[in-house]
Amino acid sequence: MPTKEIPQPLLEQIRRCRSIMAFTGAGISAESGVPTFRDAQTGLWAQFSPLDLATPEAFKKHPQRVWEWYEWRRSLVNKVSPNAGHKALTKLLQLFPINTLVTQNVDGLHQASGTDTVLELHGNIHRTICSRDRTMHQTWEPEVKPPRCPDCGAHLRPDVVWFGESLPADTFDGAIRAAQNCELFLSIGTSTTVYPAAELPHTAKNTGALVIEINPTPTPFTAEADWAFAAPAGEFLPHLVERMEALARS
Ligand code: BJW
């Protein structure tokens, strides 16, 4: 359905919801200039192999290569800002008494757009931890790649979740609870292919939430969604907020 066509009955149904959960993926940051993973031409996995860069085994085998790749991605993210989609989502969440934002993104752009509490399922590229005991570090010798933990000498690594690693348990539990309890669930800019995160839209649907997907291309979840809007998040979300605010005034 084109962006501009949000049916009035759907808006009214949304307005009756008291709780909202937004679940985001790389697509919401695409309009800020952050590459997604799986878009055919521009996605990171079109240029790089995840097995070479996003697994603990890759880091063990080629620590410098992996560290430098994350340095490159961190420098890219440091140059960008939240886009209209991030900003509208921050506003939209505030229209509901209970709201939860769960992201798979590691870029920190939801926080930069003013959403205070964000459940980050796959970590945050701006944090650096010891690969041995996961303590966080803010300073290191920049010329050593990867730098060494000042406490124990192990390699430092980005605080992100690689394939084969567990998601932070408390954060994922919080996300499951929110998915089970929300009345409205938005799946935004995610291919819904990476598990266990991709369970969340199914969980919300199975526990009775109104589930809406916002993604220019279909995903494995699209057929299960109550509504799927084939639109960029940076166009759809501001429009949704506008329509919701107009409805509140009427
Ligand atoms: C737009 C747009 C616009 C474009 N507007 N939209 C069950 C079944 C099968 C496999 C598994 C399973 N359980 C576990 C697995 C294995 C694995 C997995 O899921 N593999 C599948 C890929 C097959 N999962 C794991 O390993 C996870 N851990 C785990 O399960 O632990 C338990 C365990 C322990 C030990 C052994 C085995 C299991 C961990 C997953 C970690 C994922 N990590 C990454 C990298 C993070 C760090 C980094 O950034 O480098 O997370 S991979 C990458 O994918 C990243 C993302 O968060 C994640 C999801 O991607 P996302 O966000 O959906 O992006 P894309 O690119 O896929 O999609 C973007 C979408 O946006 C597209 O649809 C576009 O159309 C759309 N879009 N422009 C709106 N303007």
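Everything here concerns the structure above.
Since the model is a prediction, treat every value here as computed from it, not as a measurement.

Visitor: What exactly am I supposed to notice about the overall build of the protein chain here?
Guide: The number of helices and strands found in the protein chain is 11 helices and nine strands. Taking 2.2 N^0.38 as the reference for a compact globule, 250 residues should give roughly 18 Å; the C-alpha atoms of the protein chain span a radius of gyration of 19 Å, in line with that estimate. By principal-axis analysis of the C-alpha atoms, the protein chain measures approximately 60 × 35 × 30 Å. Across the 250 residues that make up the protein chain, the buried fraction comes to 50%. Restricting to contacts in the protein chain with at least 6 residues of sequence separation, those with at least 24 account for 67%. Surface accessibility of the protein chain: about 11900 Å² in total, with carbon and sulfur atoms responsible for 51%.

Visitor: When you look at the pattern of salt bridges in this model, what are you seeing that I'm missing?
Guide: For side chains bearing opposite charge, pairing can occur when the charged atoms are close. Applying the stated criterion across every chain yields a total of eight salt bridges. For E120, the salt bridge identified is with R127, shortest N-O distance 3.3 Å. Put simply, E165 and R157 hold a salt bridge, and the shortest N to O gap is 2.8 Å. Classification of R157 as buried rests on a relative accessible area of 4%. Beyond isolated ion pairs, a larger network of salt bridges with shared partners links E120, R127, R134 and D159.

Visitor: Which parts of the structure should I look at to understand the pairing of strand β2 (residues 98–103)?
Guide: Residues in a regular strand project their side chains so that they alternate between the two faces of the sheet. With six bridges joining them, strand β1 (residues 19–24) and β2 adopt parallel strand pairing. By the bridge assignment, T24 is partnered in β2 with T103. Note: β2 against strand β3 (residues 119–120), two bridges, orientation parallel. Within the sheet, the bridge partner assigned to V102 lies in β3 and is L119.

Criteria and cut-off values
- Residues numbered from 1 in each chain as written.
- Predicted model: local features only at pLDDT ≥ 70, side-chain atom pairs only at ≥ 80, totals over all residues.
- Heavy atoms only, no water.
- Helix = DSSP H or I, 4+ residues; strand = E, 2+ residues; numbered from the N terminus.
- Rg over C-alpha atoms; globule rule 2.2 N^0.38 Å.
- Buried < 20%, exposed > 50% of the residue type's maximum accessible area, 1.4 Å probe, protein only.
- Contact = heavy atoms within 4.5 Å.
- Areas by Shrake-Rupley, 256 points an atom, 1.4 Å probe, with all protein chains shown as cover.
- Salt bridge = Lys/Arg side-chain N within 4 Å of Asp/Glu carboxyl O.
- Pairing = 2+ DSSP bridges.

Geometric descriptors of this kind do not, in isolation, establish any biological role.
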